[in-house]
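This is what each chain is made of:
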Amino acid sequence: MDNCLFCKIIAGEIPSSKVYEDDEILAFKDINPMAPVHILIIPKVHIDGADKLNENNTDVVSKIFAVAAKLAEEFKLENGFRIVTNVGCDGGQTVRHLHFHLLGGKKLNTELC
Ligand code: AMP
Ligand code: ZN
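Below is a summary of the structure that appears in this document. (Residues numbered from 1 in each chain as written. Chains lettered and ligands numbered in written order. Predicted model: local features only at pLDDT ≥ 70, side-chain atom pairs only at ≥ 80, totals over all residues. Heavy atoms only, no water.)

**Section: the site of ligand 1**
Then step 1. Surrounding ligand 1, one finds 16 residues, the nearest of these being Asp 30, Asn 86, Thr 94, His 99 and His 101.
Then step 2. Here an oxygen atom of ligand 1 and a side-chain polar atom of Asp 30 are 2.5 Å apart.
Then step 3. One of the backbone nitrogen or oxygen atoms of Thr 94 is found 2.7 Å away from an oxygen atom of ligand 1.
Then step 4. Alone, ligand 1 offers 510 Å² of accessible surface; in the complex the protein occludes 84% of this.
Then step 5. Secondary-structure elements contributing two or more residues to the shell around ligand 1 are α1 (5–11) and β2 (25–29).
Then step 6. Considering each element in turn, the shell around ligand 1 owes the most residues, 3 residues, to α1.
Then step 7. Taken together, the residues that form the shell around ligand 1 break down as 7 nonpolar, 7 polar and 2 charged. (Near = heavy atom within 4 Å. Polar contact = N/O pair within 3.5 Å; in protein donor to acceptor, adjacent residues only side chain to side chain. Areas by Shrake-Rupley, 256 points an atom, 1.4 Å probe, with all protein chains shown as cover. Helix = DSSP H or I, 4+ residues; strand = E, 2+ residues; numbered from the N terminus. Nonpolar A, V, L, I, M, F, W, Y, C, P; charged D, E, K, R; others polar.)

Laid out in structure tokens, this is it:
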């Protein structure tokens, strides 16, 4: 999608620090890490956010969670981790392309909001 930062990263127009890629999914390090491990996992197909998921496009979400588990093992997050997706303005979503934050490598703050 035009003017979408993450679509540009997928297209290789903007560089990223990739940690996983397949036909449907890309994962790369967050440019502004909030934890020792902070990876963004995104579908290659443009979906605005979790508010735009439906029965026709959720298959990729289960695949993203499988990639998250694989990355958690690779990055040695054996003590646990967190997966977060922000939605819309109130949810703090700054990039309107569905993405899941994989956070770990320290004891994370337990406050949800
Ligand atoms: P959110 O605020 O949930 O929409 O998350 C967007 C995330 O994208 C933030 O954590 C940003 O630090 C991250 N981000 C923005 N631009 C880039 C970039 N060029 N490469 C990697 N991460 C980025
Ligand atoms: Zn996009």
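**A short note on the coordination of the zinc ion (ligand 2)**
Then step 1. The protein atoms donating to the zinc ion (ligand 2) are Cys 4 (SG), Cys 7 (SG), His 46 (ND1) and His 97 (ND1), with metal-donor distances spanning 2.1 to 2.3 Å.
Then step 2. Geometry at the zinc ion (ligand 2) is tetrahedral, judged from the 4 donor atoms that bind it and their angles of 102 to 116 degrees at the metal.
Then step 3. For the zinc ion (ligand 2), the single-chain donor residues occur in sequence as C-x2-C-x38-H-x50-H. You can see Cys 4 sitting in the segment before α1 and its partner His 46 sitting in the loop between β3 (37–43) and α2 (59–74), a full 42 residues away along the chain. (Donors = N, O, S within 2.8 Å, 3.2 Å for Na, K, Ca; no water. Tetrahedral: all angles 85-135°; square planar, octahedral: opposite > 155°, others 65-115°.)

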